Amino acid sequence: MKIGVFDSGVGGLTVLKELLRYPNEYYYFGDNINVPYGTKTKYELQILSSKIIDFLLSKNVDMIIIACGTISANVYEYLKNKYDIPIYDIISPTLEYLKNKTYYTFATSMTCKSKIFNNSIECPLLVPLIENNQKATKELKEYLNSIPNNSNLVLGCTHYPILTEEILTLRPDLNLINMGKILSDKLNLESHELKIRLYFSKVDHNLISNIEKIIDKDYQLEEVCLNYQK
Ligand code: DGL
């Protein structure tokens, strides 16, 4: 099966990593020229995500996984109505898993504004630091201040699982919830031959070391700049 997966940058690779438990032909698009998505308008998110889906469709994918919390929270309905192909968002399985649980959420500004999660805290500084392969300890300390001991903390943006070690070093009491893991468990895809093709709108050293941190399988990497018209 050919599976299209996308995000604003490297964040969705944390979802892809979980999906790789089910070998298939994966086509991943990371729009790291336009990152961050978390501060874009709904209209911009519609345009950007449509362009990416059009690109993935040109690769003949059979289904699309939105590996981006911001797109899932704000334009999933729009995309589902626009395209005939099966499209899965990253948030719904996590919300189902959280039913009747108390939890806190770290997410982007647009995801927090959508009010899709309970107790959500905007963490606008994290995505740029992650994309640039920098430590986020100071910023995390501040955001974590508002989370009570022993809480469930949803990593409501797919970039944040990259900070798992840093978060748990600061707060070993927290139970971190990884949306990519929950989605992959739920999809429980059939396994076939594994092929990984990664497309990013900008390829540089930071990107390559981020990919190597997350994906430990062979992959093909290509720079593809999609033409956006606002
Ligand atoms: N990884 C994305 C998310 O899950 C996008 C973050 C961003 O680009 O601001 O929300």
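Residues numbered from 1 in each chain as written. Predicted model: local features only at pLDDT ≥ 70, side-chain atom pairs only at ≥ 80, totals over all residues. Heavy atoms only, no water.

Moving on, we get to the overall build of the protein chain. Helices and strands together make up the secondary structure of the protein chain, namely ten helices and ten strands. Over its C-alpha trace the protein chain gives a radius of gyration of 16 Å, about what one expects of a compact globule, namely 17 Å for 230 residues. Along the longest, intermediate and shortest principal axes, the C-alpha atoms of the protein chain span 45 × 40 × 35 Å. By residue count, 57% of the 230 residues in the protein chain fall in the buried class. A fraction of 67% describes how many contacts in the protein chain between residues 6 or more apart in sequence connect residues 24 or more apart. Only carbon and sulfur atoms are counted for the fraction: they give 46% of the accessible area of the protein chain, which is about 10600 Å². (Helix = DSSP H or I, 4+ residues; strand = E, 2+ residues; numbered from the N terminus. Rg over C-alpha atoms; globule rule 2.2 N^0.38 Å. Buried < 20%, exposed > 50% of the residue type's maximum accessible area, 1.4 Å probe, protein only. Contact = heavy atoms within 4.5 Å. Areas by Shrake-Rupley, 256 points an atom, 1.4 Å probe, with all protein chains shown as cover.)

One pass over the structure, following the stated rule, counts four aromatic pairs. A ring pair is formed by Phe 55 and Tyr 199, whose centres lie 5.0 Å apart and whose planes are at 75°; its orientation type is edge-to-face. Note that Phe 55 is positioned in helix H2 (residues 42-58) and Tyr 199 in strand E9 (residues 195-200), a separation of 144 residues in sequence. Considered together, Phe 55 and Tyr 199 belong to a single accessibility category, that of buried residues. The structure contains a cluster of three or more aromatic residues connected by ring pairs, namely Phe 29, Phe 55 and Tyr 199. (Phe/Tyr/Trp six-rings, centres within 6.5 Å; stacked < 30°, edge-to-face > 60°.)

Two numbers describe how H2 lies on helix H3 (residues 69-82): the axes approach to 10 Å, and their chain directions differ by 60°. With respect to H3, the axis of H2 lies oblique. Of the two possible hands of crossing, H2 and H3 adopt the one that is right-handed. Along its contact with H2, which presents Lys 42, Leu 45, Gln 46, Ser 49, Ser 50 and Ile 53, the element H3 presents Thr 70, Ile 71, Asn 74, Val 75, Tyr 78, Leu 79 and Lys 82. Here the contact of H2 with H3 is built from residues that sort into six nonpolar, five polar and two charged. (Axes fitted to C-alpha atoms, helices over the stretch in contact; angles between N-to-C directions. Parallel < 35°, antiparallel > 145°, perpendicular 65-115°, else oblique. Left-handed = near helix turned anticlockwise from the far one by under 90°. Nonpolar A, V, L, I, M, F, W, Y, C, P; charged D, E, K, R; others polar.)

The next point concerns unusual backbone geometry. Residues other than glycine predominantly adopt negative phi, and peptide bonds predominantly adopt the trans conformation. Following Val 35, the chain continues to Pro 36 via a peptide bond in cis, the omega torsion being 0°. The phi dihedral of Asn 188 falls on the positive side, at around 40°, and the residue is not glycine. Checked against the element boundaries, Asn 188 lands in the loop between helix H9 (179-187) and E9.

Around the ligand lies a shell of 14 residues, among which Ser 8, Tyr 37, Gly 38, Gly 69 and Thr 70 are the nearest. Here an oxygen atom of the ligand sits 2.6 Å away from a polar atom, N or O, in the side chain of Thr 70. In the model, a nitrogen atom of the ligand is placed 2.8 Å from a nitrogen or oxygen of the His 159 side chain. Here the ligand, which alone exposes 300 Å², has 99% of that area covered by the protein. Mapping the ligand onto the cavity grids shows that it belongs to the second largest pocket. Tallied by class, residues from the shell around the ligand come to six nonpolar, seven polar and one charged. (Near = heavy atom within 4 Å. Polar contact = N/O pair within 3.5 Å; in protein donor to acceptor, adjacent residues only side chain to side chain. 1 Å grid on protein atoms, 1.4 Å probe; cavity = no way out; pocket = protein on both sides within 12 Å on 5 of 7 lines; lining within 4 Å. Sits in = over half its atoms within 2 Å of the grid points.)

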